[in-house]
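Listed below are the residues making up each chain.
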Amino acid sequence: MPAQPPDRIEIRAADDDAGAIVAFPYDAALVERFRARFPAARWSDHACAWFVPGTTAERRVAVWLQRELPEPLAFADERGRDAFSFDPIESDYLEANGDVIVRTPYSRTVIDNLRGVPWAAWDREGKVWRVPYRSLEALRSCWLSIEIAARRAEPSERKRRREELKRSPEFADIKQREAERRRKRLAVPTSQLPPPGRPVMTVRGIVVVTGSDGELVDVGGADGAEAAAVTEDHVWIFWRSPTLEELIRTWPARREPDMPERARGWWQPTLEELRAARRKAKSIERAAATRSARLV
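Treat the numbers as computed from the prediction; the structure is a model and nothing was measured.

*Asks:* Before we go on, may I ask you to explain the sheet that holds strand β6 (residues 100–102) in this structure?
*Replies:* In sheet architecture, strand pairing relies on hydrogen bonds along the backbone and comes in two forms, parallel and antiparallel. Read across the open sheet, the four strands follow the order β5-β6-β8-β7; overall the sheet is antiparallel. The open sheet has two edge strands, β5 (94–96) and β7 (121–123), and neither has a second partner. Sheet twist, expressed as the mean angle between neighbouring strand axes with direction ignored, is 30°. Relative to strand β8 (residues 128–131), β6 runs antiparallel, the two being bridged by three bridges. By the bridge assignment, Val100 is partnered in β8 with Val131.

*Asks:* Explain unusual backbone geometry to me, please; I cannot follow it from the model alone.
*Replies:* Among all residues except glycine, the phi angle is most often negative; among peptide bonds, the trans geometry is most common. Look at Lys127: it is not a glycine, yet its phi comes out positive at around 55°. A positive phi is found at Lys184, a non-glycine position, where the angle reads about 50°. Assignment of secondary structure puts Lys184 in the loop between α7 (171–182) and β9 (185–189). Residue classification places Lys184 among the partly exposed residues on the basis of a relative accessible area of 36%.

*Asks:* Whenever I open this one, the nonpolar core confuses me. Can you help?
*Replies:* A general tendency of soluble globular proteins is for nonpolar side chains to be buried together. Core analysis: the biggest nonpolar cluster contains 21 residues, and Ile89, Leu94, Leu114, Val131, Leu139, Trp143 and Ile146 have the highest contact counts within it. Mapped onto this core, the elements with two or more residues apiece are β6, α4 (108–115), β8 and α5 (136–152). The dominant element in this core, judged by the number of residues it contributes, is α5, at seven residues. Apart from residues lying up to four places away in sequence, Leu94 is in contact with Phe84, Ile89, Val100, Ile101, Leu139 and Trp143. Membership of the second largest hydrophobic core comes to 19 residues, among which are Phe24, Val31, Ala57 and Leu65.

*Asks:* How do you make sense of the layout of surface pockets when you look at a structure like this?
*Replies:* Any empty space left between the atoms is revealed when a probe the size of a water molecule rolls over them. Considering only enclosed or pocket space, the second largest pocket measures out at about 380 Å³ in volume. Contributing to the lining of the second largest pocket are 18 residues, with Ile206, Ser241, Pro242, Ala277 and Lys280 lying nearest its centre. Of the residues that constitute the lining of the second largest pocket, the class distribution is eleven nonpolar, three polar and four charged.

*Asks:* Would you mind showing me how to read the sheet that holds strand β11 (residues 205–211) here?
*Replies:* Taken in spatial order, the four strands line up as β9-β12-β11-β10 in an open sheet, and their pairing is antiparallel. Only two strands of the sheet have a single partner each, and these edge strands are β9 and β10 (199–202). Each strand of the sheet is rotated relative to its neighbour by a mean of 60°, with strand direction disregarded.

About the cut-offs
Each chain has its residues counted from 1, following the order in which its sequence is written. Whole-chain, interface and lining totals are the exception, using all residues; otherwise, since this is a predicted model, local features are given only for residues with pLDDT of at least 70 and side-chain atom pairs are given and counted only at 80 or more. Neither water nor hydrogens contribute to the side-chain values; these are computed over all heavy atoms in the structure. Following DSSP output, two strands are said to pair if at least two bridges run between them. Where helices and strands are cited, they refer to DSSP runs of H or I of at least four residues and of E of at least two residues respectively, numbered from the N terminus. Orientation is described by lines fitted to C-alpha atoms, with helices fitted over the stretch in contact, and by angles between N-to-C directions that extend from 0 to 180 degrees. Classification of residues uses two cut-offs on accessible area relative to the type maximum, computed with a 1.4 Å probe and protein chains only: under 20% is buried, over 50% is exposed, and between them is partly exposed. Here, nonpolar core refers to any group of buried Ala, Val, Leu, Ile, Met, Phe, Trp, Tyr and Cys residues whose side-chain atoms link them within 4.5 Å. Here a residue-residue contact requires only that any non-hydrogen atoms of the pair lie within 4.5 Å. Here a cavity denotes a set of grid points, spaced 1 Å apart and computed over the protein atoms alone, in which a 1.4 Å probe fits but from which it cannot get out, and a pocket denotes an open set meeting protein on both sides within 12 Å along at least five of seven lines; residues with an atom within 4 Å of a point are reported as lining. Grid points are joined across faces, edges and corners, and a volume is the space filled by probe spheres set on the points. Side-chain classes are defined by residue name, with Ala, Val, Leu, Ile, Met, Phe, Trp, Tyr, Cys and Pro counting as nonpolar, Asp, Glu, Lys and Arg as charged, and the others, Gly among them, as polar.

Okay, here's the thing in structure tokens:
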């Protein structure tokens with residue numbers, strides 16, 4: 001244990017979704033029980049907390065802490081409930097009940113903010129987020145961002161933005177670029193083709209190259225950064241999205257890509273780029289599994 005052990009109770013998802021970050025007041029007997037229950041747990045000097053690996057780690061540790069530290073957690077909830085009564089968060093997207101219930105239209109920004117709130121959990125049956133009162137201050141600190149994102153995600157607001165976009169002079173160009181993106185192809189120099197079958201980072205995100213028909217790129221057929229980069233013979237390559245397994249097996253680059261690598265249109269993904277892609281791939285696989293289960 002470190003010289004200055006944590007004096008707080010906290011549990012949150014790790015940045016790469018590969019486990020949970022756990023902190024609780026130091027007690028030798030409690031640490032011994034914790035390590036016996038979670039033998040794979042490792043101390044993180046960077047986070048000043050424990051790291052527990054596993055996709056279900058956050059839920060498993062939360063259940064364990066509820067059993068091991070019922071009185072401190074109950075006291076923290078009561079204190080948070082009193083704070084909410086004195087200074088509530090007024091919003092159409094929030095309801096005070098046994099927990100603080102957050103119900104919004106789907107928004108990735110909302111999800112990312114709530115995932116950063118300790119103890120917040122998604123209720124699949126009620127299709128709401130439940131935040132215990134002990135996490136009130138963490139929720140309050142990011143609520144403005146949640147509120148703005150939720151209002152932007154309202155169907156009426158999204159429809160209004162679409163109508164405004166259709167009336168803009170850039171709409172024809174946007175449609176053309178979107179049509180090109182749906183073709184799932186990229187322009188790359190004929191002398192620097194990316195490796196097929198391996199995830200690489202591009203202006204389209206992390207992709208896996210599936211092949212090429214050898215068609216040379218006409219500058220008028222490329223868009224944006226691609227057109228600006230076509231200074232020599234380029235060829236169209238076709239791509240697909242990588243699977244979660246492929247992303248997990250991919251080693252991150254040891255450094256940020258330099259200008260020549262970006263100019264050629266592809267480079268080895270960094271750790272942050274891989275983490276974001278893994279989160280997205282994991283979400284897609286979970287949604288697909290849920291749809292398949294409903295059809296059974």
